[in-house]
Amino acid sequence: MNRHTGATVLVTGLSLVLTGCGSTPPNGAPHASEAPSLIATPTLTVSAAEREGLAVYRGMWGAFVEAAKTSDPDAPDLRRYASDNALKLIVSSLYTNRDQGKVSKGPLVLDPKVTELRPPNEPSEATILDCVDSTNWLEYKASGELWDDKPGSKHRTTATVKRVDGVWKVSSFVLEGPATC
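Our subject in this report is the structure included herewith. (Residues numbered from 1 in each chain as written. Predicted model: local features only at pLDDT ≥ 70, side-chain atom pairs only at ≥ 80, totals over all residues. Heavy atoms only, no water.)

1. Things to note about the side chain of Ser 171
Then step 1. With respect to the element layout, Ser 171 can be found in strand S6 (residues 167-175).
Then step 2. Assessed through its relative accessible area of 6%, Ser 171 is described here as buried.
Then step 3. Sequence-distant contacts of Ser 171, that is, excluding residues within four places in its chain, are made with Ser 83, Asp 84, Asn 85, Ala 86, Thr 160, Val 161 and Lys 162. (Helix = DSSP H or I, 4+ residues; strand = E, 2+ residues; numbered from the N terminus. Buried < 20%, exposed > 50% of the residue type's maximum accessible area, 1.4 Å probe, protein only. Contact = heavy atoms within 4.5 Å.)

2. Observations concerning the packing of helix H2 (residues 46-68) against helix H4 (residues 84-100)
Then step 1. Relative orientation of the contacting elements H2 and H4 amounts to 15°, with a least axis distance of 11 Å. When the axis of H2 is compared with that of H4, the two are roughly parallel. Between H2 and H4 lies a crossing of right-handed hand. When H2 is examined against H4, the residues Met 60, Phe 64, Ala 67 and Ala 68 are found in contact with a partner set consisting of Ala 86, Ile 90, Ser 93 and Leu 94. (Axes fitted to C-alpha atoms, helices over the stretch in contact; angles between N-to-C directions. Parallel < 35°, antiparallel > 145°, perpendicular 65-115°, else oblique. Left-handed = near helix turned anticlockwise from the far one by under 90°.)

3. Remarks on the packing of aromatic side chains
Two descriptors summarise a pair of aromatic rings, namely the distance from one centre to the other and the angle between the planes of the rings.
Then step 1. Applying the stated rule across the entire model yields 4 aromatic pairs.
Then step 2. For the pair Phe 64 and Trp 137, a centre-to-centre distance of 5.3 Å together with 80° between the ring planes defines the contact as edge-to-face. Here Phe 64 is found in helix H2, whereas its partner Trp 137 is found in the loop between strand S3 (125-133) and strand S4 (138-141), with 73 residues between them in sequence. In this structure, Phe 64 and Trp 137 share a single accessibility class: buried.
Then step 3. Through pairs of rings, three or more aromatic residues link up here, namely Tyr 57, Trp 61, Phe 64, Trp 137 and Phe 173. (Phe/Tyr/Trp six-rings, centres within 6.5 Å; stacked < 30°, edge-to-face > 60°.)

4. Digging into the environment of Trp 168
Then step 1. Tracing the chain through its elements places Trp 168 in strand S6.
Then step 2. Between the C-alpha atoms of Trp 168 and Val 56, which are 112 residues apart in sequence, the distance is 6.6 Å.
Then step 3. Here Glu 52 takes part through its side chain, which lies 3.0 Å from a polar atom of the side chain of Trp 168. (Polar contact = N/O pair within 3.5 Å; in protein donor to acceptor, adjacent residues only side chain to side chain.)

5. With respect to the state of the cysteines
Then step 1. Scanning the entire structure with this criterion turns up 1 disulfide.
Then step 2. Put simply, Cys 131 and Cys 181 are joined by a disulfide, and their sulfur atoms are 1.8 Å apart. Disulfide Cys 131-Cys 181: the torsion about the S-S bond is 75°, which places it as right-handed. Of this pair, Cys 131 sits in strand S3 while Cys 181 sits in the segment after S6, and the two are 50 residues apart along the sequence.
Then step 3. Cys 181 gets classed as partly exposed once you look at its relative accessible area, which sits at 36%. (Disulfide = S-S within 2.5 Å.)

Here you go:
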């Protein structure tokens, strides 16, 4: 039996280091109450920055999980939630999987926490720490068989979420190796 996670593909295929631990699965997009503001506002409270940053982070993973089901690097929700290096890493991983005939399926479990907001009074950047649990988010061949026999794992993840022109997006993330949280 094959058990290889999409997160592990990021590690090996893109030379990433994986991180994270969590208990809240992404649902493809944040709930309406968690949806990031897409309208520019002059100032943002700390609690709103935390809420919007976490919603965008969860949205990025939800979009990645959805796109990974068909290895679609052009999935529009990826660009809604991710930019810069975060988007490059995800898109590259999806291209690699598509070229190899892989898809990823199953739940990805998250439990992100905001660890820092910058600047403190009117935040436009957040650092998020998570433990991404890819235990059951596995890679499959197009035929439906598991890709390999490696189990998924939990990966410590650190992400940077930025607010530019009133829109929050994940700009980068670092995933540490298996069993790092």
